[in-house]
Structure formats: C-alpha cells, structure tokens
Amino acid sequence: ATRLRTCTAMTDAAFDFALRVAESIAFALHSAVAITEPCHGAVECSFNSPGSLPTWFWPVAGVMLAAVSAANWLGSPGVVLGAQAYIVAFHSGGVFWHLRLKHHPVTGVSPGVFVVMAAAVAALRVGVAVALLGTVVCAAVGVGLGLVLVRPPKVTEKDAPLLP
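Predicted model, so just to flag it, every value in this text is computed and none were measured.

Q: What is the right way to read the packing of helix α6 (residues 109–126) against helix α7 (residues 128–149) from this model?
A: The description of two packed helices rests on the angle between their axes and on the distance between the axes. Put simply, α6 and α7 touch, their axes get as near as 7 Å, and they point 145° apart. Where α6 crosses over α7, the two elements pack in a sense that is right-handed. Here Val 115, Ala 119, Ala 122, Ala 123 and Val 126 of α6 come into contact with α7, specifically with Val 128, Val 130, Ala 131 and Thr 135.

Below, the structure is given as structure tokens:
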C-alpha cells in the first residue's frame, strides 16, 4: 500500500509539473503579444474584433500572464493555486469573449483547454471536489468581467437576417 501511494504521488507530481510547464510556456509567449498589442493590433485584427475590449486590457493581461508564468514556479502552494485561479478566470473570460463576439464556437476551445489544465493542477493539489468548486467560482468571475468589459459587435444591415 505504501509503495502504491508513493507511485501515485510521483505520478501526480510529474503530471502537475508537465501541466505547469505547458501553461507557463504558453503564457510567456502570449504575454509578449498581449503587452505589445496596442503597437501592432495583431489580436484584434486576427479575430476581427477592433474595439471589443478597452485599449488598456491587452497590455494589463500580458503583464498578468507573465506574472502567472513566473508564479507557477514559486515554491508556495498557495501562490501556484492563485495562479491557477487566475488562469481559470482569464481563460473563461476568453471563451466568453469569443462567444459574445459571435466567433465560431470552436474558437472557444483554445482558451477552454487552459481552464481544464488549471482545474487539473488544482485537483492534483487540493482534491477534485474543491478544485471543481474553485473552477466554477473563478469561471463565473471571468464571465462576469467579460460582461462588463467585452463590447458586443454592432449589427449592420449586412449582418441582419433576411427574414425577421
């Protein structure tokens, strides 16, 4: 029984490590794009969403993504869990952003993957029930912020349905 617990703990630690590596690499790369978004407009242009978020949003989000990328490697379990909470809120907001702007529903899968990864890291650290509860609460925060920050697209005559 002791040997089984040791193997399970080692497997959990390896899985936790691999998930945090994937998160941190992605967030380090995306932070550079987000911080410089006002200079090049690549995100808004790529998703055809100019003006959907306040101009300060992407640079602030980029700094926060860089901080989360680093926080994943600080020794404190509380800091790592806080980073996972931010990941869930931010990326749930990303799913909401895509849906509110009427992008194809599949575009929400990309940020959704990070919600699942953060929930898995949390589950490995605090158990499945607590992780799921925390994920739901943080996702609600992300969607709530999305309701406040994301401007829905303007409907033009071209976009309006032909039949009422």
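Having seen the structure, we can now continue with the description.
Q: For this particular structure, what's the right way to read the side chain of Thr 135?
A: Positionally, Thr 135 belongs in helix α7. Looking at Thr 135, the relative accessible area reads 13%, which means it is buried. At a separation of 2.7 Å, a polar atom in the side chain of Thr 135 contacts the main-chain carbonyl oxygen of Ala 131. Contact partners of Thr 135, with chain neighbours within four places excluded, come to Val 88, Val 115 and Ala 119.

Q: In this structure, what is going on with the pattern of salt bridges? I would like to understand it.
A: Evaluated as defined, the whole model comprises 2 salt bridges. A salt bridge links Asp 16 to Arg 20; the nearest nitrogen and oxygen atoms lie 2.6 Å apart. With Asp 16 and Arg 20 both in helix α1 (residues 2–35) and 4 residues apart, the pair spans about one turn of that helix. In this structure Asp 16 comes out as buried when scored by relative accessible area, which is 6%.

Rules behind the numbers
- For every chain, the first residue of its written sequence is number 1, and the numbers climb from 1 along that sequence.
- Only residues with pLDDT of at least 70 are given local features in this predicted model, and only at 80 or more are side-chain atom pairs given and counted; all residues enter the totals for whole chains, interfaces and linings.
- To obtain the side-chain values, all non-hydrogen atoms of the structure were used and water was disregarded.
- Axis lines are fitted through C-alpha atoms, for helices just across the contact stretch, and the angle between N-to-C directions can take any value from 0 to 180 degrees.
- Strands here are runs of E lasting at least two residues and helices are runs of H or I lasting at least four, both read from the DSSP assignment and numbered beginning at the N terminus.
- Helix crossings are classified by the rotation of the near helix relative to the far one: an anticlockwise turn of less than a right angle makes the crossing left-handed, while a clockwise turn makes it right-handed.
- Here, residues are in contact when the closest pair of their heavy atoms is within 4.5 Å.
- Type-normalised accessible area, obtained with a 1.4 Å probe on protein chains alone, sets the label of each residue: buried when under 20%, exposed when over 50%, and partly exposed for intermediate values.
- Whenever two N or O atoms come within 3.5 Å, that pair is a polar contact, provided that in protein one can donate a hydrogen and the other can accept it, and provided that, for residues adjacent in sequence, both atoms are side-chain atoms.
- Here, a salt bridge means any side-chain nitrogen of Lys or Arg that lies within 4 Å of a carboxyl oxygen of Asp or Glu.

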